Amino acid sequence: RYSSTHRVAREGRGTWQYIRDKCLHIVDKRSEGQLPPSKKQKKNKKNELSTTTATTTTKHQRKMYLKDMRAQQQLLTEIEFEWLRQWGIQGTLHAELHPYWHTPIQKLMTWFTQLERSCVQMLHVLQEGNKDTLLSEDLYDVTIEALEERRKLRKTWHERLKDPIYKSMPLHMQPLAIKVLDRQPQSHNDNDHDNDHDDTSQQPYQLSENLDQLIAHVRKWRVAFVNSRTTTSTTNTTTNTTGNKKPLDKNKRSNLTKKEKRKVASNWERMQLSMKKTK
């Protein structure tokens, strides 16, 4: 008997209707451009932005951008690990026995590619780090956390596929290769994020399967963004008070997300408090 995570009788979460509606909803938002604009988009709307920035750039909009970005990243993770990889690991024979899923899986791969291209566009916006966009530290944090999660899950899957039991199975029962996940080396890789790409729509490449370098880049961009925001406040504090090293200490940890900072700070502060109490 062949087990499958693609339930037919189950209603609600985990069904084709559920993931289809979720993809359509989030992809529609992506196509409507509910993300911070890139350089080229800002050039085309320069006059419009100059007259409406004071009224439209609000905390509410930043929260909406953050919500959309988080939803896209969560959907990318869900499609990859709850659907595509679960489908591929069942093998060719399982796919032949379930022809109904061929079209849905193909659509999921298409949506996955579209969402990942949108992620690439967002990465270019994060790299620019301009102050006149609706960027925030939270957008960098959401991206870093999502990439870290996918990196860990991919490592777990690769370790799982190394099990010799899969090689001992008949060829038609061995895991399938998913073309949008099992990627071949391309002319564009993670190092290309170090260069400036104004027109991301002309860069229809996918993210590298190995996310280590990309995560390091996003952390560097976060540092640059935080430093650019704290430059004025740092100069003011240094002119008023001499020998103040707190801004520098803060910048040293600006490559960490807010969650990571809380973890590090809370542990160290607890140790300091316990040491003071013992004294």
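Summarised in this report is the structure supplied together with it. Predicted model only: the values in this text are computed from it and were never measured. (Residues numbered from 1 in each chain as written. Predicted model: local features only at pLDDT ≥ 70, side-chain atom pairs only at ≥ 80, totals over all residues. Heavy atoms only, no water.)

Remarks on the nonpolar core
Defined as follows: Buried residues of nine kinds, namely Ala, Val, Leu, Ile, Met, Phe, Trp, Tyr and Cys, make up a nonpolar core once their side-chain atoms join them within 4.5 Å. Each residue gets one of three labels from its accessible area relative to the maximum for its type: buried under 20%, exposed over 50%, partly exposed in between, using a 1.4 Å probe on protein chains only. Secondary structure elements follow DSSP: runs of H or I no shorter than four residues count as helices, runs of E no shorter than two count as strands, and numbering proceeds from the N terminus. Only heavy atoms matter for contacts: two residues are in contact if any of them lie within 4.5 Å across the pair.
Ranked by size, the top nonpolar core spans 44 residues in total, and within it Ile19, Ile79, Leu84, Leu108, Leu123, Leu126 and Val218 carry the most contacts. Looking at this core, the elements that each hand over two or more residues are helix H1 (16-31), helix H4 (59-88), helix H6 (102-128), helix H7 (137-161) and helix H9 (212-240). Once residues within four sequence positions are removed from consideration, Leu84 is found in contact with Ile79, Ile105, Leu108, Met109, Phe112, Ile178, Val180 and Leu181.

Examining the packing of H4 against H7
The following threshold applies: For helices, the fitted line uses only the C-alpha atoms of the stretch in contact; every axis is such a line through C-alpha atoms, and the angle between N-to-C directions lies from 0 to 180 degrees. Every angle not falling under 35 degrees, over 145, or within 65 to 115 is termed oblique; those three ranges are roughly parallel, roughly antiparallel and roughly perpendicular. All residues other than Ala, Val, Leu, Ile, Met, Phe, Trp, Tyr, Cys, Pro, Asp, Glu, Lys and Arg, Gly among them, are scored as polar; the first ten of these are nonpolar and the last four charged.
Packing of H4 against H7 brings their axes to within 9 Å, and their N-to-C directions diverge by 10°. In terms of orientation, H4 and H7 fall into the roughly parallel class. Residue-level contacts link Tyr65, Leu66, Met69, Arg70, Gln73, Leu76, Thr77, Glu80, Phe81, Arg85 and Gln86 of H4 to Asp138, Leu139, Val142, Thr143, Ala146, Glu149, Arg150, Leu153, Arg154 and Trp157 of H7. Its residues assigned to classes, the contact of H4 with H7 shows 10 nonpolar, 4 polar and 7 charged.

Quick look at the pattern of salt bridges
Definition in use: When a carboxyl oxygen of Asp or Glu lies within 4 Å of a side-chain nitrogen of Lys or Arg, that pair is called a salt bridge.
Counted by the stated rule, this structure contains 14 salt bridges. The salt bridge partner of Glu148 is Arg151, with a shortest N-O separation of 3.0 Å. One end of the pair, Glu148, and the other, Arg151, are both in helix H7, 3 residues apart, so they sit about a helical turn from each other. Classification of Glu148 as buried rests on a relative accessible area of 17%. With a closest N to O distance of 3.7 Å, Asp212 and Arg151 form a salt bridge. Taken as a pair, Asp212 in helix H9 and Arg151 in helix H7 lie far apart in primary sequence, 61 residues in all.

Topic: the layout of surface pockets
To be explicit about the condition: A cavity, in this analysis, means grid points on a 1 Å lattice covering only the protein atoms where a 1.4 Å probe fits yet has no way out; a pocket is instead an open set bounded by protein on both sides within 12 Å along at least five of seven lines, and a residue lines either one if it has an atom within 4 Å of a point. Grid points are joined across faces, edges and corners, and a volume is the space filled by probe spheres set on the points.
A volume near 320 Å³ is recorded for the second largest pocket. Contributing to the lining of the second largest pocket are 14 residues, with Arg70, Asp141, Val142, Glu145 and Lys259 lying nearest its centre. Of all the secondary-structure elements, those providing two or more residues to the lining of the second largest pocket are H4, H7 and helix H11 (258-278). Among the elements that take part in the lining of the second largest pocket, H7 stands out by supplying 6 residues, more than any other.

Remarks on the packing of H6 against H7
Keep this limit in mind: Here a crossing is called left-handed whenever its near helix is offset anticlockwise from the far helix by less than a right angle, and right-handed whenever the offset is clockwise.
Between H6 and H7, the least distance of the axes is 11 Å, while the angle of their chain directions is 135°. The angle between H6 and H7 places the two elements in the oblique class. Remark: the crossing between H6 and H7 carries left-handed chirality. Facing H6, whose interface residues are Glu116, Leu123 and Leu126, H7 presents Leu139, Tyr140, Thr143 and Arg154. Class assignment for the residues of the contact of H6 with H7 results in 4 nonpolar, 1 polar and 2 charged.

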